[in-house]
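# Breakdown of the fold
Letter by letter, the chains look like this.
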Amino acid sequence: MSVTLDEQRASLVARVERQLGLPVDDFIPSPNTTGYRARIELTPGADGVLGYRAPRSHTPIPVAHCPIARPEINAVLAQLPAAPKLTQRVALRSNGVDVVLHARAKDKHRHRVRAWLDELQHLGIPLALNGRGVHGDPTTVLSVGGVSHRLSPSTFYQVNLEINARLVEDVGALVKSAQPTALLDLFSGAGNLSMPLVASGIKTTLIEAHPTAVKDARRTAERLDLSPDIREGRAEHFQAGDAFFDVAILDPPRKGSGSVIDQVLLTRPKAVILVSCNTAALRADLNRASSHGYSLSQLKLYEMFPHTGHVEAVGLLSSR
(Lines give C-alpha, C1' and ligand atoms only; values in the text may rest on other atoms or scores of the structure.)
Protein backbone atom coordinates (compact mmCIF):
# COMPACT_ATOMS: atom_id res chain seq x y z
CA MET A 1 0.00 0.00 0.00
CA SER A 2 3.05 2.27 0.05
CA VAL A 3 2.90 2.20 -3.76
CA THR A 4 0.29 4.35 -5.50
CA LEU A 5 -2.61 2.62 -7.24
CA ASP A 6 -1.53 3.99 -10.62
CA GLU A 7 1.92 2.46 -10.12
CA GLN A 8 0.44 -0.84 -8.96
CA ARG A 9 -1.84 -1.03 -11.98
CA ALA A 10 0.88 -0.10 -14.46
CA SER A 11 3.12 -2.76 -12.92
CA LEU A 12 0.42 -5.43 -13.24
CA VAL A 13 -0.26 -4.59 -16.88
CA ALA A 14 3.47 -4.56 -17.72
CA ARG A 15 4.04 -7.88 -15.99
CA VAL A 16 1.16 -9.60 -17.80
CA GLU A 17 2.22 -8.23 -21.18
CA ARG A 18 5.75 -9.44 -20.50
CA GLN A 19 4.56 -12.90 -19.39
CA LEU A 20 2.18 -13.44 -22.29
CA GLY A 21 3.93 -11.47 -25.01
CA LEU A 22 0.58 -9.88 -25.83
CA PRO A 23 -0.93 -6.41 -25.37
CA VAL A 24 -3.58 -5.91 -22.69
CA ASP A 25 -6.69 -4.48 -24.35
CA ASP A 26 -8.30 -3.10 -21.21
CA PHE A 27 -7.80 -2.84 -17.45
CA ILE A 28 -10.96 -2.76 -15.32
CA PRO A 29 -10.23 -0.99 -12.01
CA SER A 30 -12.01 -1.96 -8.82
CA PRO A 31 -14.63 0.58 -7.67
CA ASN A 32 -13.35 0.02 -4.12
CA THR A 33 -9.65 -0.36 -3.45
CA THR A 34 -10.01 -0.65 0.33
CA GLY A 35 -12.89 -2.29 2.15
CA TYR A 36 -13.60 -4.49 -0.88
CA ARG A 37 -12.86 -8.05 0.26
CA ALA A 38 -16.04 -10.05 0.96
CA ARG A 39 -14.32 -13.15 2.35
CA ILE A 40 -11.45 -13.51 4.78
CA GLU A 41 -10.00 -16.60 6.49
CA LEU A 42 -8.34 -16.47 9.89
CA THR A 43 -6.21 -18.87 11.94
CA PRO A 44 -5.85 -18.88 15.76
CA GLY A 45 -2.40 -18.37 17.20
CA ALA A 46 -1.00 -20.05 20.30
CA ASP A 47 -3.13 -17.73 22.44
CA GLY A 48 -6.23 -18.29 20.29
CA VAL A 49 -6.17 -14.75 18.87
CA LEU A 50 -7.27 -14.86 15.24
CA GLY A 51 -5.09 -13.59 12.42
CA TYR A 52 -3.79 -14.09 8.89
CA ARG A 53 -0.96 -16.44 8.04
CA ALA A 54 2.40 -14.90 7.27
CA PRO A 55 3.59 -15.25 3.64
CA ARG A 56 4.65 -18.81 2.80
CA SER A 57 4.05 -19.82 6.41
CA HIS A 58 1.41 -21.19 8.79
CA THR A 59 2.42 -18.62 11.41
CA PRO A 60 -0.63 -16.49 12.28
CA ILE A 61 -0.30 -12.71 12.63
CA PRO A 62 -3.07 -11.23 14.84
CA VAL A 63 -5.46 -8.95 12.95
CA ALA A 64 -7.89 -6.65 14.73
CA HIS A 65 -8.82 -4.69 11.59
CA CYS A 66 -8.16 -5.42 7.91
CA PRO A 67 -7.99 -2.42 5.53
CA ILE A 68 -9.09 -4.45 2.51
CA ALA A 69 -11.96 -6.32 4.21
CA ARG A 70 -15.48 -4.97 3.83
CA PRO A 71 -16.77 -2.77 6.68
CA GLU A 72 -19.36 -5.32 7.81
CA ILE A 73 -16.63 -7.95 8.11
CA ASN A 74 -14.43 -5.64 10.17
CA ALA A 75 -17.38 -4.89 12.44
CA VAL A 76 -17.65 -8.61 13.26
CA LEU A 77 -13.88 -9.13 13.41
CA ALA A 78 -13.57 -6.45 16.11
CA GLN A 79 -15.94 -8.42 18.34
CA LEU A 80 -14.39 -11.89 17.99
CA PRO A 81 -12.79 -13.32 21.12
CA ALA A 82 -9.89 -15.77 21.10
CA ALA A 83 -10.85 -19.09 19.51
CA PRO A 84 -10.01 -22.58 20.77
CA LYS A 85 -6.47 -23.36 19.60
CA LEU A 86 -7.71 -26.53 17.91
CA THR A 87 -9.83 -24.47 15.50
CA GLN A 88 -8.39 -24.92 12.02
CA ARG A 89 -9.87 -21.88 10.29
CA VAL A 90 -12.49 -19.18 10.81
CA ALA A 91 -14.03 -17.60 7.70
CA LEU A 92 -16.08 -14.42 7.59
CA ARG A 93 -18.25 -14.33 4.46
CA SER A 94 -20.28 -11.32 3.30
CA ASN A 95 -22.68 -10.61 0.48
CA GLY A 96 -22.08 -6.90 0.89
CA VAL A 97 -24.56 -6.55 3.74
CA ASP A 98 -24.85 -9.71 5.83
CA VAL A 99 -21.99 -11.71 7.35
CA VAL A 100 -21.76 -15.46 7.99
CA LEU A 101 -19.10 -16.95 10.29
CA HIS A 102 -17.88 -20.43 9.31
CA ALA A 103 -15.45 -22.33 11.55
CA ARG A 104 -13.59 -25.52 10.69
CA ALA A 105 -12.22 -28.14 13.06
CA LYS A 106 -11.31 -31.79 13.02
CA ASP A 107 -14.21 -34.00 14.06
CA LYS A 108 -12.57 -34.94 17.35
CA HIS A 109 -12.36 -31.25 18.31
CA ARG A 110 -15.68 -30.03 16.93
CA HIS A 111 -17.45 -30.06 20.33
CA ARG A 112 -15.02 -27.51 21.76
CA VAL A 113 -15.37 -25.29 18.71
CA ARG A 114 -19.15 -25.68 18.81
CA ALA A 115 -19.11 -24.45 22.42
CA TRP A 116 -17.14 -21.38 21.28
CA LEU A 117 -19.71 -20.71 18.56
CA ASP A 118 -22.50 -20.98 21.13
CA GLU A 119 -20.83 -18.11 22.98
CA LEU A 120 -20.93 -15.97 19.83
CA GLN A 121 -24.71 -15.91 19.43
CA HIS A 122 -24.75 -12.34 20.75
CA LEU A 123 -23.18 -11.26 17.43
CA GLY A 124 -26.55 -11.83 15.78
CA ILE A 125 -25.10 -13.44 12.66
CA PRO A 126 -25.41 -16.98 11.26
CA LEU A 127 -22.76 -19.36 12.60
CA ALA A 128 -21.60 -22.56 10.90
CA LEU A 129 -19.22 -25.40 11.71
CA ASN A 130 -17.68 -27.74 9.13
CA GLY A 131 -20.14 -26.68 6.45
CA ARG A 132 -23.29 -26.94 8.57
CA GLY A 133 -25.27 -24.21 10.28
CA VAL A 134 -25.37 -24.27 14.06
CA HIS A 135 -27.15 -20.94 14.64
CA GLY A 136 -29.25 -19.24 11.97
CA ASP A 137 -29.24 -19.81 8.21
CA PRO A 138 -25.58 -19.91 7.08
CA THR A 139 -26.22 -19.48 3.36
CA THR A 140 -24.76 -16.44 1.61
CA VAL A 141 -27.31 -14.94 -0.78
CA LEU A 142 -25.68 -13.28 -3.78
CA SER A 143 -27.36 -11.76 -6.81
CA VAL A 144 -25.07 -11.79 -9.86
CA GLY A 145 -26.07 -11.19 -13.47
CA GLY A 146 -29.75 -11.30 -12.56
CA VAL A 147 -29.41 -14.70 -10.86
CA SER A 148 -29.86 -15.14 -7.11
CA HIS A 149 -27.43 -17.70 -5.67
CA ARG A 150 -27.74 -19.27 -2.22
CA LEU A 151 -24.25 -20.43 -1.33
CA SER A 152 -23.39 -22.96 1.37
CA PRO A 153 -20.67 -22.07 3.93
CA SER A 154 -18.04 -24.14 2.07
CA THR A 155 -18.83 -22.88 -1.45
CA PHE A 156 -16.31 -20.58 -3.12
CA TYR A 157 -17.25 -17.18 -4.46
CA GLN A 158 -15.14 -14.25 -5.67
CA VAL A 159 -13.87 -11.88 -2.98
CA ASN A 160 -14.56 -8.65 -4.91
CA LEU A 161 -18.32 -8.51 -5.43
CA GLU A 162 -18.32 -5.43 -7.66
CA ILE A 163 -15.56 -6.64 -9.97
CA ASN A 164 -17.14 -10.09 -10.11
CA ALA A 165 -20.42 -8.54 -11.31
CA ARG A 166 -18.52 -6.83 -14.16
CA LEU A 167 -16.60 -10.04 -14.91
CA VAL A 168 -19.83 -12.05 -15.21
CA GLU A 169 -21.34 -9.39 -17.46
CA ASP A 170 -18.30 -9.30 -19.76
CA VAL A 171 -17.90 -13.09 -19.98
CA GLY A 172 -21.60 -13.35 -20.81
CA ALA A 173 -21.21 -10.81 -23.60
CA LEU A 174 -18.26 -12.75 -25.07
CA VAL A 175 -20.23 -15.99 -25.01
CA LYS A 176 -23.28 -14.43 -26.63
CA SER A 177 -21.20 -12.75 -29.34
CA ALA A 178 -20.02 -16.22 -30.40
CA GLN A 179 -23.68 -17.29 -30.85
CA PRO A 180 -23.28 -20.73 -29.27
CA THR A 181 -25.48 -23.68 -30.01
CA ALA A 182 -24.35 -25.15 -26.69
CA LEU A 183 -21.98 -23.98 -23.95
CA LEU A 184 -19.51 -25.91 -21.77
CA ASP A 185 -18.49 -24.44 -18.40
CA LEU A 186 -15.51 -26.26 -16.89
CA PHE A 187 -14.51 -25.55 -13.26
CA SER A 188 -18.00 -24.05 -13.03
CA GLY A 189 -18.31 -23.67 -9.26
CA ALA A 190 -21.88 -22.81 -8.29
CA GLY A 191 -22.55 -21.37 -11.75
CA ASN A 192 -21.26 -17.85 -11.20
CA LEU A 193 -20.29 -17.33 -14.84
CA SER A 194 -22.73 -19.54 -16.71
CA MET A 195 -26.01 -19.55 -14.76
CA PRO A 196 -27.05 -16.14 -16.18
CA LEU A 197 -26.42 -17.61 -19.64
CA VAL A 198 -28.55 -20.63 -18.77
CA ALA A 199 -31.29 -18.21 -17.70
CA SER A 200 -31.00 -16.49 -21.10
CA GLY A 201 -31.82 -19.78 -22.82
CA ILE A 202 -28.38 -21.12 -23.77
CA LYS A 203 -28.05 -24.90 -23.46
CA THR A 204 -25.21 -25.40 -20.98
CA THR A 205 -23.18 -28.19 -19.37
CA LEU A 206 -21.50 -27.31 -16.06
CA ILE A 207 -18.76 -29.52 -14.58
CA GLU A 208 -17.44 -28.97 -11.05
CA ALA A 209 -15.69 -31.19 -8.49
CA HIS A 210 -16.69 -29.46 -5.23
CA PRO A 211 -19.84 -31.24 -3.99
CA THR A 212 -21.40 -28.29 -2.12
CA ALA A 213 -20.90 -26.01 -5.13
CA VAL A 214 -22.63 -28.60 -7.32
CA LYS A 215 -25.54 -28.88 -4.85
CA ASP A 216 -25.86 -25.10 -4.73
CA ALA A 217 -25.88 -24.89 -8.54
CA ARG A 218 -28.55 -27.56 -8.79
CA ARG A 219 -30.69 -25.83 -6.19
CA THR A 220 -30.36 -22.53 -8.04
CA ALA A 221 -31.41 -24.16 -11.30
CA GLU A 222 -34.36 -25.86 -9.63
CA ARG A 223 -35.46 -22.68 -7.86
CA LEU A 224 -35.35 -20.75 -11.15
CA ASP A 225 -36.94 -23.60 -13.17
CA LEU A 226 -33.84 -23.99 -15.35
CA SER A 227 -32.52 -27.22 -16.86
CA PRO A 228 -28.74 -27.11 -17.35
CA ASP A 229 -26.71 -30.32 -17.34
CA ILE A 230 -24.84 -30.04 -14.03
CA ARG A 231 -22.22 -32.74 -13.43
CA GLU A 232 -20.16 -33.43 -10.34
CA GLY A 233 -16.66 -34.44 -11.38
CA ARG A 234 -13.15 -33.19 -11.93
CA ALA A 235 -13.09 -30.82 -14.87
CA GLU A 236 -9.48 -31.92 -15.47
CA HIS A 237 -10.82 -35.34 -16.47
CA PHE A 238 -13.08 -34.01 -19.24
CA GLN A 239 -12.54 -35.79 -22.54
CA ALA A 240 -13.48 -34.65 -26.03
CA GLY A 241 -16.92 -36.08 -26.72
CA ASP A 242 -18.10 -36.05 -23.09
CA ALA A 243 -20.46 -33.17 -23.88
CA PHE A 244 -21.64 -31.35 -26.98
CA PHE A 245 -20.64 -27.67 -27.16
CA ASP A 246 -19.30 -25.13 -29.61
CA VAL A 247 -18.30 -22.45 -27.06
CA ALA A 248 -16.56 -23.07 -23.72
CA ILE A 249 -15.68 -21.22 -20.53
CA LEU A 250 -12.60 -22.40 -18.61
CA ASP A 251 -12.09 -20.88 -15.15
CA PRO A 252 -9.46 -23.16 -13.59
CA PRO A 253 -7.69 -22.87 -10.22
CA ARG A 254 -4.28 -21.19 -9.94
CA LYS A 255 -2.45 -24.12 -11.52
CA GLY A 256 -4.25 -23.51 -14.81
CA SER A 257 -6.21 -25.71 -17.20
CA GLY A 258 -3.47 -28.22 -17.93
CA SER A 259 -4.15 -30.93 -20.47
CA VAL A 260 -7.94 -30.48 -20.39
CA ILE A 261 -7.56 -27.50 -22.74
CA ASP A 262 -6.26 -29.98 -25.34
CA GLN A 263 -9.46 -32.02 -24.99
CA VAL A 264 -11.62 -28.91 -25.31
CA LEU A 265 -9.83 -27.70 -28.45
CA LEU A 266 -9.88 -31.11 -30.14
CA THR A 267 -13.56 -30.50 -30.90
CA ARG A 268 -12.73 -27.19 -32.68
CA PRO A 269 -15.07 -24.86 -30.74
CA LYS A 270 -15.89 -21.43 -32.20
CA ALA A 271 -14.57 -19.71 -29.09
CA VAL A 272 -13.15 -20.43 -25.65
CA ILE A 273 -13.23 -17.86 -22.86
CA LEU A 274 -10.29 -18.31 -20.49
CA VAL A 275 -10.58 -16.85 -16.99
CA SER A 276 -7.36 -16.91 -14.98
CA CYS A 277 -6.17 -15.70 -11.58
CA ASN A 278 -2.59 -16.72 -12.42
CA THR A 279 -1.21 -15.33 -15.64
CA ALA A 280 1.91 -17.50 -15.40
CA ALA A 281 -0.37 -20.56 -15.66
CA LEU A 282 -2.36 -18.81 -18.39
CA ARG A 283 0.83 -18.61 -20.44
CA ALA A 284 1.14 -22.41 -20.30
CA ASP A 285 -2.51 -22.74 -21.38
CA LEU A 286 -1.89 -20.43 -24.33
CA ASN A 287 1.14 -22.45 -25.40
CA ARG A 288 -1.06 -25.57 -25.51
CA ALA A 289 -3.77 -23.68 -27.38
CA SER A 290 -1.27 -22.49 -29.97
CA SER A 291 -0.47 -26.08 -30.94
CA HIS A 292 -4.16 -26.46 -31.89
CA GLY A 293 -4.18 -23.27 -33.97
CA TYR A 294 -5.87 -21.08 -31.35
CA SER A 295 -4.69 -17.74 -29.98
CA LEU A 296 -6.02 -14.86 -27.88
CA SER A 297 -7.93 -12.25 -29.85
CA GLN A 298 -8.81 -10.21 -26.75
CA LEU A 299 -7.26 -9.81 -23.29
CA LYS A 300 -8.69 -7.87 -20.36
CA LEU A 301 -7.45 -7.54 -16.80
CA TYR A 302 -9.75 -7.08 -13.82
CA GLU A 303 -8.57 -5.57 -10.54
CA MET A 304 -10.10 -8.32 -8.41
CA PHE A 305 -7.45 -7.98 -5.68
CA PRO A 306 -6.35 -4.34 -5.19
CA HIS A 307 -3.12 -3.79 -3.23
CA THR A 308 -1.85 -7.27 -4.09
CA GLY A 309 0.31 -8.71 -6.84
CA HIS A 310 -2.63 -10.71 -8.21
CA VAL A 311 -4.96 -9.86 -11.07
CA GLU A 312 -7.84 -11.62 -12.85
CA ALA A 313 -7.46 -12.06 -16.61
CA VAL A 314 -10.10 -12.86 -19.23
CA GLY A 315 -9.05 -13.90 -22.70
CA LEU A 316 -11.02 -14.77 -25.82
CA LEU A 317 -9.47 -17.74 -27.55
CA SER A 318 -10.30 -18.28 -31.22
CA SER A 319 -8.84 -20.21 -34.14
CA ARG A 320 -6.30 -18.43 -36.31
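Reference entry: report on the structure contained in this document. If you're wondering where the values come from, they're calculated on a predicted model, not measured in any experiment.

In this structure, Pro31 sits in the loop between strand 1 (26-28) and strand 2 (39-44). Linking Pro31 and Pro306, residues 275 residues apart in sequence, is a C-alpha distance of 9.9 Å. Ignoring anything within four residues of it in the chain, the contact list for Pro31 reads Glu162 and Ile163.

Counted according to the given criterion, the structure contains 1 aromatic pair. The lysine or arginine in question, Arg39, covers the ring of Tyr157, its NZ or CZ lying 5.4 Å from the ring centre.

Now for the sheet that holds strand 4 (residues 60-62). What the 7 strands build is an open sheet, ordered 4-3-2-5-6-7-8; its pairing is mixed. The sheet terminates laterally at strand 4 and strand 8 (132-135), the two strands that pair on one side only. The mean inter-strand angle of the sheet, taken between neighbouring strand axes irrespective of direction, is 40°. Note: strand 5 (residues 87-94) against strand 6 (residues 99-105), 7 bridges, orientation antiparallel. Within strand 6, the residue paired with Ala91 across the bridge is His102. Across the sheet, helix 3 (residues 110-118) is in contact with strand 3 (50-53), strand 5, strand 6, strand 7 (127-129) and strand 8; its angle to strand 7 comes to roughly 180°.

What follows covers the pairing of strand 12 (residues 204-208). Burial analysis of strand 12 places 5 of its 5 residues in the buried class, the great majority of the element. Neither face of strand 12 is left uncovered, since the one carrying Thr204, Leu206 and Glu208 and the one carrying Thr205 and Ile207 both have all their residues buried. Summarising the sheet, strand 11 (residues 183-186) and strand 12 pair through 4 bridges and their orientation is parallel. The residue of strand 12 that forms the bridge with Leu183 is Thr204. The parallel pair strand 12 and strand 13 (residues 229-232), bridged by helix 6 (residues 211-223), forms a crossover whose chirality is right-handed.

You will see that Gln179, though not glycine, has its phi angle at about 50°, which is positive. Looking at where Gln179 falls in the secondary structure, it is placed in the loop between helix 4 (161-177) and strand 11.

The 8 strands lie next to each other as 1-16-17-15-14-11-12-13, forming an open sheet whose pairing is mixed. In the strand order of this sheet, the two ends are held by strand 1 and strand 13, each with one partner. Strand after strand, the sheet turns through a mean of 20° between neighbouring axes, direction not considered. Two strands pair when backbone bridges link them, and strand 14 (residues 247-250) and strand 15 (residues 271-276) are joined in this way by 4 bridges, in the parallel orientation. Residue Leu250 lies in a different strand from strand 15, and its bridge partner there is Leu274. Packed on one face of the sheet, helix 1 (residues 5-20) meets strand 1 and strand 16 (294-302) and runs near 165° to strand 16. Contacts between helix 4 and the sheet are confined to strand 1, strand 11, strand 14, strand 15, strand 16 and strand 17 (312-319), with strand 16 contributing the most and set at about 155° to the helix.

The packing of two helices is summarised by the inter-axis angle and the distance between the axes. At a closest axis distance of 9 Å, the pairing of helix 1 and helix 8 (residues 279-291) adopts a crossing angle of 25°. What the angle tells us is that helix 1 and helix 8 run roughly parallel. Between helix 1 and helix 8 lies a crossing whose hand is right-handed. Counted together, Arg15, Val16, Gln19 and Leu20 of helix 1 and Thr279, Ala280, Leu282, Arg283 and Leu286 of helix 8 form the full contact between these two elements. Grouping the amino acids of the contact of helix 1 with helix 8 by side-chain chemistry returns 5 nonpolar, 2 polar and 2 charged.

Cut-offs used in this document
Residues numbered from 1 in each chain as written. Predicted model: local features only at pLDDT ≥ 70, side-chain atom pairs only at ≥ 80, totals over all residues. Heavy atoms only, no water. Helix = DSSP H or I, 4+ residues; strand = E, 2+ residues; numbered from the N terminus. Contact = heavy atoms within 4.5 Å. Phe/Tyr/Trp six-rings, centres within 6.5 Å; stacked < 30°, edge-to-face > 60°. Lys NZ or Arg CZ within 6 Å of the ring centre and 35° of its normal. Pairing = 2+ DSSP bridges. Axes fitted to C-alpha atoms, helices over the stretch in contact; angles between N-to-C directions. Buried < 20%, exposed > 50% of the residue type's maximum accessible area, 1.4 Å probe, protein only. Right-handed = clockwise from strand over helix to strand, strands pointing away. Parallel < 35°, antiparallel > 145°, perpendicular 65-115°, else oblique. Left-handed = near helix turned anticlockwise from the far one by under 90°. Nonpolar A, V, L, I, M, F, W, Y, C, P; charged D, E, K, R; others polar.

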